[in-house]
Amino acid sequence: MHNERHDERLSDEELELFVQYLHRFANHDVDISARMEAGDPEHPVYVIFGRDYPPVGDASDYRRPFAGRPQPTSTPDINDGG
């Protein structure tokens, strides 16, 4: 995926979409774990999504983005595997 805006921060709307996509990814694509490298190749960020590993540190250290807002719920759809 190529995006000309790599040097820009996400807008509030883009961040909200990212979190929605992240929830969908976690619900539908992360069976046990997924490991990724992202960001600047010179200074990458390593990300691990997992269901079978305890969190690093205390679970209360992790925050759920937009926790005060109702999260959209997905309904099972034959096209998304649900």
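Parameters and conventions
Residues numbered from 1 in each chain as written. Predicted model: local features only at pLDDT ≥ 70, side-chain atom pairs only at ≥ 80, totals over all residues. Heavy atoms only, no water. Helix = DSSP H or I, 4+ residues; strand = E, 2+ residues; numbered from the N terminus. Contact = heavy atoms within 4.5 Å. Areas by Shrake-Rupley, 256 points an atom, 1.4 Å probe, with all protein chains shown as cover. pLDDT = per-residue confidence, 0-100. Phe/Tyr/Trp six-rings, centres within 6.5 Å; stacked < 30°, edge-to-face > 60°. Buried < 20%, exposed > 50% of the residue type's maximum accessible area, 1.4 Å probe, protein only. Pairing = 2+ DSSP bridges.

Draft legend 1. A look at the overall build of the protein chain. The secondary structure content of the protein chain amounts to one helix and two strands. Listing the helices and strands of the protein chain from first to last along the sequence gives α-β-β. Partitioning the contacts of the protein chain with sequence separation of at least 6, the portion at a separation of at least 24 is 29%. If you sum the accessible surface of the protein chain, you get close to 7,800 Å²; carbon and sulfur atoms cover 53% of it.

Draft legend 2. Representation of the confidence of the model for the protein chain within the structure. Chain-level statistics for the protein chain give a pLDDT mean of 79 and a share of 78% at 70 or above. Here strand S2 (residues 45-50) stands out as the least confident element of the protein chain, with mean pLDDT 89; helix H1 (residues 12-28) is the most confident, with 91.

Draft legend 3. Up close: the packing of aromatic side chains. Taken as a whole and judged by the stated rule, the model has one aromatic pair. Taken together, a centroid distance of 5.4 Å and an interplanar angle of 70° make the contact between Phe-25 and Phe-49 edge-to-face. Taken together, the positions of Phe-25 in helix H1 and Phe-49 in strand S2 put the pair 24 residues apart, joining distant regions of the chain. Under the relative-accessibility criterion, Phe-25 is labelled partly exposed at 22%.

Draft legend 4. How the structure looks around the pairing of strand S1 (residues 33-38). Bridge analysis of S1 against S2 gives six bridges, and the strand direction is antiparallel. Counterpart to Ala-34 in the pairing with S2 is Phe-49. Where S1 hands over to S2, the hairpin turn is made up of six residues, of which Gly-39 adopts a positive phi near 85°.

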